[in-house]
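Structural overview
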Amino acid sequence: MNSDFIKRSISASAIWLFIVFELIFFTIAGKYLSLSSGGFMDASNMLLLLKQSAPIGIIAVGMTLIMVNGNIDLSVGAVFAIAGIILLDSLSWGIFSGLGDWVIVASCLVALAAGTLLGALNGLIVWRTGVDAFIVTLGSMLGYRGLVFMFNGENPTSNLNWTLVDIAEARFLGIHTATWVFGLTVLVVWLITRYTVHGRNAYAIGDNRNAAVNAGIRVGPHMLINFALIGFLAALSAVVFYAESGSVNPNDGMLYELWVITAVVLGGTKLAGGSGSIIGTLGGVIAIQLLRTGLGYIGADTSTVNLVIGLILIVVLFIDRQLNVKGAQELKV
Amino acid sequence: MANTARQKILTVVGNHGILIAFVMFMLVFALASPKFLSFENLQSVVRSSAILGVMALGVTFVVISGNLDLSVGSMMSFSTIVVLDLHDKLGPTLAIPTMYLMTLGLGGTIGFLVGYLKLNSLIVTLGMLSAIHGLTLTYSGGKNMDIDDKSGTWFSFFGQGEILGLPVPIILFIALAAFLGILLAKTPFGRKVYAVGGNATAASFSGIPRARTVFNCYLISAFCVATAGLLQASRSMGSQNTVGQGLELEVLAAVILGGASLLGGSGTILKTVIGVLILGFIQNGLLLIGWPFYIQYVITWIIIILAVWLDISVKRGKFWATV
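Residues numbered from 1 in each chain as written. Chains lettered and ligands numbered in written order. Predicted model: local features only at pLDDT ≥ 70, side-chain atom pairs only at ≥ 80, totals over all residues.

**Concerning the overall build of chain A**
Per the secondary structure count, chain A includes 14 helices and four strands. A compact globule built from 333 residues would reach a C-alpha radius of gyration of about 20 Å, and chain A, at 20 Å, matches this within 12%. Split into buried and exposed, the 333 residues of chain A put 51% on the buried side. Relative to all contacts within chain A whose residues are 6 or more apart in sequence, the contacts with residues 24 or more apart total 80%. (Helix = DSSP H or I, 4+ residues; strand = E, 2+ residues; numbered from the N terminus. Rg over C-alpha atoms; globule rule 2.2 N^0.38 Å. Buried ≥ 20, exposed ≤ 12 C-beta atoms within 10 Å, placed from the backbone. Contact = placed C-beta atoms within 7 Å.)

**What to know about the overall build of chain B**
The helix and strand tally for chain B stands at 13 helices and four strands. For chain B, the C-alpha radius of gyration of 20 Å lies close to 20 Å, the compact-globule estimate for 323 residues. Along the three orthogonal principal directions, the C-alpha set of chain B runs to about 70 × 55 × 35 Å. Restricting to contacts in chain B with at least 6 residues of sequence separation, those with at least 24 account for 78%.

**What to know about the interface of chain B and chain A**
Opposite the 44 residues of chain B that make contact, chain A presents 51 residues. Of all elements in the fold, only helix 5 (121–140), helix 11 (247–257) and helix 13 (295–316) of chain B reach the threshold of two or more residues within the side of chain B that touches chain A. Per-element accounting of the side of chain B that touches chain A gives the leading share, 14 residues, to helix 5 of chain B.

**Observations concerning the environment of Glu169(A)**
Looking at where Glu169(A) falls in the secondary structure, it is placed in helix 6 (residues 162–169). Separated by 75 residues in sequence, Glu169(A) and Glu244(A) have C-alpha atoms that sit 7.0 Å apart.

**Details of the nonpolar core**
Core analysis: the biggest nonpolar cluster contains 204 residues, and Ile82(A), Ala83(A), Ala235(A), Val239(A), Val260(A) and Met55(B) have the highest contact counts within it. Per-element tally for this core: the top contributor is helix 10 (residues 219–245) of chain A, with 18 residues. When sequence neighbours within four positions are dropped, the list of residues in contact with Val260(A) reads Ile56(A), Ile59(A), Ala60(A), Met63(A) and Val76(A). (Core = buried A, V, L, I, M, F, W, Y, C linked by C-beta atoms within 7 Å.)

**Let's talk about the packing of helix 2 (residues 43–68) of chain A against helix 12 (residues 278–297) of chain A**
Residues and elements named next belong to chain A. Direction vectors running N to C along helix 2 and helix 12 enclose 145 degrees, while the axes themselves pass 9 Å from each other. Where helix 2 crosses over helix 12, the handedness of that crossing is right-handed. Residues Leu49, Gln52, Ser53, Ile56, Gly57, Ala60, Val61 and Thr64 of helix 2 pack against Ile278, Thr281, Gly284, Val285, Ile286, Gln289, Leu290 and Thr293 of helix 12. Residue composition of the contact of helix 2 with helix 12, by class: eight nonpolar, eight polar and no charged. (Axes fitted to C-alpha atoms, helices over the stretch in contact; angles between N-to-C directions. Left-handed = near helix turned anticlockwise from the far one by under 90°. Nonpolar A, V, L, I, M, F, W, Y, C, P; charged D, E, K, R; others polar.)

**Quick look at helix 8 (residues 197–207) of chain A**
Within the sequence span of helix 8 of chain A, burial applies to Gly199(A), Ala202(A), Ala204(A), Ile205(A) and Gly206(A). Looking at the buried residues of helix 8 of chain A, the elements they touch are helix 2, helix 7 (177–195), helix 9 (209–214) and helix 10 of chain A.

**Focus on the environment of Ser266(B)**
Residue and element names in this part refer to chain B. For Ser266, the location among the structural elements is in the loop between helix 11 and helix 12 (269–288). For the pair formed by Ser266 and Ser65, sequence separation is 201 residues and the distance between their alpha carbons is 8.7 Å. With near-sequence residues (within four places) excluded, Ser266 lies in contact with Ile64, Ala260 and Ser261.

**Remarks on the packing of helix 3 (residues 72–90) of chain B against helix 11 of chain B**
Residues and elements named next belong to chain B. The N-to-C vectors of helix 3 and helix 11 enclose an angle of 120 degrees; their axes lie 6 Å apart at closest approach. By the criterion of interaxial angle, the relationship of helix 3 to helix 11 is oblique. Side by side, helix 3 and helix 11 meet where Val72, Gly73 and Met76 of the first sit next to Leu247, Glu248 and Val251 of the second. Residues of the contact of helix 3 with helix 11, tallied by class, amount to four nonpolar, one polar and one charged. (Parallel < 35°, antiparallel > 145°, perpendicular 65-115°, else oblique.)

**Concerning the confidence of the model for chain B**
Caution applies to low-pLDDT regions: their predicted coordinates should not be interpreted in detail. Of all residues in chain B, 98% have pLDDT values of 70 or greater, and the mean over the chain is 86. At the level of chain-chain contacts, confidence expressed as ipTM amounts to 0.79, with global pTM at 0.84. (pLDDT = per-residue confidence, 0-100.)

**With respect to the environment of Phe293(B)**
All names here are of chain B. Within the secondary structure, Phe293 is located in the loop between helix 12 and helix 13. On the basis of neighbour count, Phe293 is assigned to the partly exposed category, with 13 C-beta atoms found within 10 Å. In this structure the C-alpha to C-alpha distance between Phe293 and Phe281, which are twelve residues apart in sequence, comes to 12 Å. Once you skip the residues sitting within four places of it in the chain, Phe293 turns out to touch Gln283 and Leu287.

Right, dumping it as structure tokens:
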């Protein structure tokens, strides 16, 4: 029980303590401030909360692996929008016309493939040119957004497929489809980070890139896989989200990258790479959604949510630096 | 021999790549559209890039000092909303300095967190992006701001006025660029900014106050943002709460295009101005030859990556990264 262990336990469980604090706070505050008669912690409210956190959460899981690897991806919002458009547009493509309801499967596959390709393109550029991921994805954030506009100009792309909506609104065992997908994503990527060579190498590269290279790890391919994975997850997030809403605005997904990074950082992942966990990110995503829902529940408006999340992010960073020596030295994107 | 000649060409192309690209762009568009090089058109491009440009000047300081500023977009919304609101309450003479003070206060807060508390600038300014956006919404109550009596005030001078036939935004942009350019290139403070960004540890050991230098860079950035907010408010005389949303990344794109390294220690004001103008001319040129505005995003993407790639290739002497 040295102090290092205690410090690590504190930082690992901090986000969950914060979630418990939020739950208690909003339950008590809600008794006095809320206009609704239902309690904050009733089951349907919590299930809805999980469902609402799915789109950001699915991308955040991928971002965790990217950041553990020592990179960052700013283009996820644009990939999200492209995948959404492709999903809805391909539902009415001529080549799928004979498929009946199976068109949904085909469309989802096309959208996921597109997302994976765009992510892999980022990874390939980062790998082969050696340009910093921040710059590469800052560029492709603009470039991919340009592609979004090429589909339909400034008009929204709409296509409501009722079977798809039914699937999206289905509740298997009482839990929403979106939550199932989110949970499955967390599980699979958690297994990847814990039990695969790729996962372990991703941590090694993020922790000390030169050492990893000297140990014979091929850095490039691992980065490529991670970027392809986050592209896939951004598309998966779009599939989950647009299956229900059925309409994509060309500006959709803007600032998603910032929300996602906020959730990942709250979950304890270091920008400098080498440390962070999927479970921590899950906590970060839930904490943010709790804050949004809770502040809405006690009657605060969106402006307060932005203000509070921004301040919390800075406070967490400050506490983390005090607890963690490595955090003090980190920086330089 | 051949190898050194090739090395030399690479170095020249690398050092002046952005200028070469700029000239090539101008040539292509000038050939494609005769209107492109007319004085009116050049003037309109510079005028419409002025707001982005003024913000990019300040961010250049922050980037050279080795940090990032993602909060400039929402800070610009803040100063625009504040100055429009105060205009009707206090009158323009008091509103403008008050707005500058409030914006500098925000910049000082970031400077304190990043400089003195040594927190990661990316996350701090990400948090401030969100927090300032919330502050703006709280301040305005979510409503759009408008000046009541639009014709009875001299406030429109900054965004719409002219001096000797030149639009005021252009004059302000040039004046600020000249002043900050000299500050960065010719003064001890400018040297310190490069030193801190180039190697913070070495700078500290040489007795350069890292914290104060970084703090001052964020103050300069906030000053530029306030000026951009003033231009924006004065040009449109009314504004939404989200007027600056997303600008932070466009500004950063212009600065990177100008050749400043995100690792700090390199970049100049002149190069940033060229980066801003390239973005402006791409946008304008594409519109003149009749292409939709979103093509510029794709082209900006390609140019940014090529520019930085070229820069890196020259430094390592090879086009492709090894690992």
